[in-house]
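Structural description and commentary
The lines below spell out each chain.
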Amino acid sequence: QVNVVESGGGLVQAGGSLRLSCAASGTTFGINIMGWYRQAPGKQRELVAVISRSGGTNYADSVKGRFTISRDYAKNTVYLQMDSLEPDDTAVYYCNVNIARERAYSFWGQGTQVTVSS
């Protein structure tokens, strides 16, 4: 079993920065893609950024140039460095962990709130 825990959310002013962390624990072998999604009130959950086992990344257009996703493979942890934050970035951010073994598995964290004031 895999447990996914996010941390690092908070309240910041527009233009500020936050770094989110997501640690996967338990039976973590086979982790492939790790990523971040977010959901604002009244909106659908959307992809923010993902990173593969090889280090390849993909970002939503709305965060390109402002957010950076990275991994610490030894710690089974994924980070999201968020710079130049905007009020529209306000959302609950969720970590997603995909594991490839004999089949694919997907695990979600409980979410961490990010609030950006203007």
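Placed above this text is the structure.
Conventions used here
Residues numbered from 1 in each chain as written. Predicted model: local features only at pLDDT ≥ 70, side-chain atom pairs only at ≥ 80, totals over all residues. Heavy atoms only, no water. Phe/Tyr/Trp six-rings, centres within 6.5 Å; stacked < 30°, edge-to-face > 60°. Helix = DSSP H or I, 4+ residues; strand = E, 2+ residues; numbered from the N terminus. Lys NZ or Arg CZ within 6 Å of the ring centre and 35° of its normal. Buried < 20%, exposed > 50% of the residue type's maximum accessible area, 1.4 Å probe, protein only. Lys, Arg positive; Asp, Glu negative; His and termini not counted. Salt bridge = Lys/Arg side-chain N within 4 Å of Asp/Glu carboxyl O. Polar contact = N/O pair within 3.5 Å; in protein donor to acceptor, adjacent residues only side chain to side chain. Contact = heavy atoms within 4.5 Å. Pairing = 2+ DSSP bridges. Axes fitted to C-alpha atoms, helices over the stretch in contact; angles between N-to-C directions.

Quick look at the packing of aromatic side chains now. Scanning the model with the defined rule gives one aromatic pair in all. Plain terms: the ring middles of tyrosine 37 and tryptophan 108 are 5.0 Å apart, the flat faces sit at 65 degrees to each other, and that makes the pair edge-to-face. Taken together, the residues span a long stretch of sequence, with tyrosine 37 in strand E4 (residues 31-39) and tryptophan 108 in strand E10 (residues 104-108) at a distance of 71 residues. The ring of phenylalanine 29 has arginine 101 sitting right over it, with the charged end atom 4.4 Å from the ring centre. Between the NZ or CZ atom of arginine 101 and the centre of the ring of tyrosine 105, over which it lies, the distance is 5.8 Å.

In this structure, glutamate 6 sits in strand E1 (residues 2-7). Buried and unpaired, glutamate 6 has no salt bridge, with arginine 45 as the nearest side chain of opposite charge at 7.5 Å. Among the polar contacts made by the side chain of glutamate 6, one reaches the main-chain amide nitrogen of cysteine 95 at a distance of 2.7 Å. At 3.0 Å, the side chain of glutamate 6 forms a polar contact with the backbone nitrogen of glutamine 110. Apart from the residues lying within four places of it in its own chain, the contact partners of glutamate 6 are Ser21, Cys22, Trp36, Tyr93, Tyr94, Cys95, Gly109, Gln110, Gly111 and Thr112.

Before going further, it helps to spend a moment on the sheet that holds E1. What links the strands of a sheet is backbone hydrogen bonding, and the strands pair in either a parallel or an antiparallel sense. Strand order in the open sheet made by the four strands is E1-E3-E8-E7, with antiparallel pairing throughout. Of all the strands in the sheet, just E1 and strand E7 (67-72) have a single pairing partner and so form its edges. Adjacent strand axes in the sheet meet at a mean angle of 15 degrees, parallel and antiparallel pairs treated alike.

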